Amino acid sequence: MIPAGFLPPALGPQRTFALVAGVERYEISHRWNLRGPARDALRFARWLTGPAQVPPGNLRLLLSPLDEPDALDWSDSPAMAALRTAYRPATEENVKAALLDELPQCDGDLLWIFWAGHGYLGPRHELMLPCADARPSQIRHLNLDSALRWWRTDLVKQRSFPLQAALVDSCRVDAPRDARWNFGTNDYGGGLSVPGRRQFRLYASREGEAAQNDAERGAGRFTEALLDEIGGHSVRESVSGLPVAARSIHRAFRELRERGEGWQLPQFVVDRDWDACSFLDEDPSGGLPQGAARLDQQAWDGLGGLFAGREPPRSTHEAYAWAFKAAGCTTPVGGGLPGESLLEVVQDLDERQGGRGGMPLAVPFVRFLADRAAAAGDPAWAARLGEWVAATRERLALPVLPPPPPPPRTTVVHVRLETPPDGGPGHLARIWLRGRRTEHVWESEGAPVGLDAVREQLVRQLALAGAAPVEEDGEETGAYPAVDRVEFHVPYALLDTAFDQWPVPRGPAGRHRALGLLHQVVVRCPQERADTRAAWHGSWRWLRLQGGRHPDAVRVVEDHELHDGLGMELAGGPAPACVLDHTTAAPHAGLLEAVLEGGVPVAVWRRGGGTPERPLLDLLAPAGPDGRPDPGALDVLGLPARVRDVRRAAAGAAARAAHARQPPPGEDQLVLLWDDPDDAPGVRSLA
């Protein structure tokens, strides 16, 4: 607690001023809107004008609520009635006018800055707080770090505001590096620094974490905890007890995390001049928190031998994400892996210092790799990894780890079609079923057959697969497998064929459904990858290591980009790993050739060519905070299921359109090229 003699003698309600802002509604998109910040701001204002007895004229209240202002709880007090008539919308112009023009001209000892709403970190880790008039072309915002630097200079009256406290109930996640996220540059400059000014900052979350908001109750968890601590105190009591309140809030959130009821962990930043020491989450009297466990040298030596010269396996990203869950920590918001080698990933995990119970994050990471290595048929490496985990746990006295989740079981039917050696009609065909093991279930035995015959055999094999109970250790489990995906490995000329429209018997009365409505249906062309094998494998490996999501993973190709050099452009690096066709030309008129030449493993286009009624990105990607589809949020590894969902939605829309005698939409005519190089049975020629 700050000693009473530390405070300015005249500090009291009359010499206390505040900027209080709550932003719920944003012009950029309705998807940005959130319920709670305006109510949090009013709760903070009620404390200031109530128990703290600050005159309402000392507050600059900025609100942009979702509901009508009359629907908010203004309470029945003269001070709140005055604020009800004086508040302004939380636009950038009003924020700058209040914080940089009006308040600096006041004569006070203490400045409160309270902000509730969205928050993003810029490239220099400055905290950017979007204003209500944020638009796609310009995300107007308050640069809090720059504003606080400005407030420490002589542009504010030199003898005024020796104490400044910023309380921010917002996320602190990285702003996507996407051209549509145009924050611009807000640097308010400043004059000469004034010695003796002290600033205290409380953030609802650490860098990279999202702050939790209870939309149903209209309350931010951080604001509630803050007001529980200071809500009944006077100005002098709240200032002197702020460090104690901050530590109490920190402990409460840490307990929530340990119980699995919360993930954010507030971070409190106090200038060293506040009470002559740094205050960055740690308790100086209690040493490092329990979660600050790290690997010892012996563990690092063991990992050096285990990981030397070994490429990260395809399960690396899953292991990285599971490590945080197993240790009770928040998974980093950005997604992807922090490095290209296993040692780089472990170094990142070790620097994050684990979670509850002292568990270093690296230990569950290695445990996950061990389980997956055993399942992937590498028992020797799996055993060595398991020995490292056991030895490290025993040596560091670590708690027991829960077992990693088993690898997802998928049942896939592979249909391989190949042009006969003599170039005659029909195709050589073979079908595999891959579940717990891969089985060769049918082939045309060297005689070319037509596509109708292939369809009949596929329908038969699907029925047989669904009728055979699952066996484990030689015994039936009582469960029946469902075929998740049907993959057509076809010549280049057949990539645009309507396999997903093949009719399959379904239900009574001879009803048929399209194959693409019942199963995920993709096409593949691995035989055309011989000249670009390195690029193909490298792009897929990069995609797996990013967990399927990355701002550079997806490229939308438009008409003006369709030229002879596109394939070489796509081959320039592992990204993009997915191409979405937004051209008017038929896919065989250049797009598919460029995709295969560039080693791109995934592509989506509209069958027969022509741009879809809705852009493919709109159909497949979730909307970003600006309300538009976000390429970086598109889960490329989840596209087979997503395309099937689009087909099903289009089928429902077509049925409703037929009932209403309207033209049906064409969104079910999507083709997904899905070339997973790690899963390609029957690579040898059928001839």
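Basis of the calculations
Residues numbered from 1 in each chain as written. Predicted model: local features only at pLDDT ≥ 70, side-chain atom pairs only at ≥ 80, totals over all residues. Heavy atoms only, no water. Helix = DSSP H or I, 4+ residues; strand = E, 2+ residues; numbered from the N terminus. Buried < 20%, exposed > 50% of the residue type's maximum accessible area, 1.4 Å probe, protein only. Core = buried A, V, L, I, M, F, W, Y, C linked by side-chain atoms within 4.5 Å. Contact = heavy atoms within 4.5 Å. Patch = residues over 30% accessible without salt bridge, like charges linked within 9 Å, V, L, I, M, F, W, Y side chains within 5 Å. Areas by Shrake-Rupley, 256 points an atom, 1.4 Å probe, with all protein chains shown as cover. Salt bridge = Lys/Arg side-chain N within 4 Å of Asp/Glu carboxyl O. Lys, Arg positive; Asp, Glu negative; His and termini not counted. Charge placed at Lys NZ, Arg CZ, Asp CG, Glu CD. Expected span 1.5 Å × (residues − 1). Phe/Tyr/Trp six-rings, centres within 6.5 Å; stacked < 30°, edge-to-face > 60°. Lys NZ or Arg CZ within 6 Å of the ring centre and 35° of its normal.

Enquirer: Whenever I open this one, the environment of serine 29 confuses me. Can you help?
Expert: Summarising the element assignment, serine 29 is placed in the loop between β1 (16-23) and α1 (37-49). Looking at serine 29, the relative accessible area reads 9%, which means it is buried. Expressed as a C-alpha distance, the spacing of serine 29 and arginine 135, which sit 106 residues apart in the sequence, is 7.9 Å.

Enquirer: I'm lost on the nonpolar core in this one. Help?
Expert: The tendency in soluble globular proteins is for nonpolar side chains to be buried as a group. Counting 45 residues, the largest nonpolar core has Leu99, Ile113, Trp115, Leu142, Leu144 and Trp151 as the members making the most contacts within it. When contributions to this core are tallied by element, the ones reaching two or more residues are β1, α3 (92-102), β3 (110-116), β4 (120-121), β5 (127-130), α4 (144-151) and β7 (163-169). Top contributing element to this core by residue count: α4, with five residues. Contact partners of leucine 144, with chain neighbours within four places excluded, come to Ile113, Leu127, Leu129, Val168 and Tyr203.

Enquirer: What is the right way to read a positive patch on the surface from this model?
Expert: Judged by side-chain charge, Arg506, Arg511, Arg513 and Arg648 come together as a positively charged surface patch. Counting through the fold element by element, arginine 506 comes out in the loop between β19 (503-505) and β20 (512-514). Residue class for arginine 506 comes out partly exposed when judged on its relative accessible area of 46%.

Enquirer: When you look at the pattern of salt bridges in this model, what are you seeing that I'm missing?
Expert: A side chain with one charge can pair with a side chain of the opposite charge if their charged atoms come near. Taken as a whole, this structure holds 33 salt bridges when the rule is applied. Of the charged contacts in the structure, one is a salt bridge between arginine 367 and aspartate 371, with a shortest N-O distance of 3.4 Å. In this pair, arginine 367 and aspartate 371 are both assigned in helix α12 (residues 362-375), four residues apart and thus about one turn of the helix distant. Given the relative accessible area of 23%, arginine 367 is considered partly exposed.

Enquirer: Looking at this structure, I do not really get the environment of isoleucine 113. What am I missing?
Expert: Assignment of secondary structure puts isoleucine 113 in strand β3. You can call isoleucine 113 buried: its relative accessible area is 4%. Counting along the chain gives 14 residues from isoleucine 113 to leucine 99, while the straight-line C-alpha distance between them is 8.9 Å. In this view, isoleucine 113 contacts Leu19, Leu99, Leu144, Leu148, Ala165, Ala166 and Leu167; residues no more than four positions away in its chain are not counted.

Enquirer: What is the right way to look at helix α16 (residues 533-545) in this model?
Expert: For an α-helix, 3.6 residues make a turn, and residues three or four places apart therefore share a direction. Taking 1.5 Å as the rise per residue, α16 with 13 residues should run 18 Å; its terminal C-alpha atoms sit 18 Å apart, in good agreement. On its buried face, α16 sits against α10 (316-327), β24 (602-606) and β25 (670-674). Following α16 by one or two positions, glycine 547 adopts a phi angle in the positive range, close to 70 degrees.

Enquirer: How should I be thinking about the packing of aromatic side chains in this particular structure?
Expert: Think of a pair of aromatic rings as described by two things: how far the centres are apart, and how the planes are tilted against each other in angle. As enumerated under the stated definition, the model contains 18 aromatic pairs in all. Relative to phenylalanine 368, the ring of tryptophan 322 has its centre 5.8 Å away and its plane inclined at 45 degrees; by these criteria the two rings are tilted. Linking tryptophan 322 in helix α10 with phenylalanine 368 in helix α12, this pair joins segments that are 46 residues apart in sequence. Taken individually, tryptophan 322 and phenylalanine 368 each receive the classification buried, so the pair is uniform in this respect. Members of the aromatic cluster, joined through ring pairs, are Phe17, Trp150, Trp151 and Phe161. Above the ring of tryptophan 381, the side-chain terminus of arginine 310 is found at 3.9 Å from the ring centroid.

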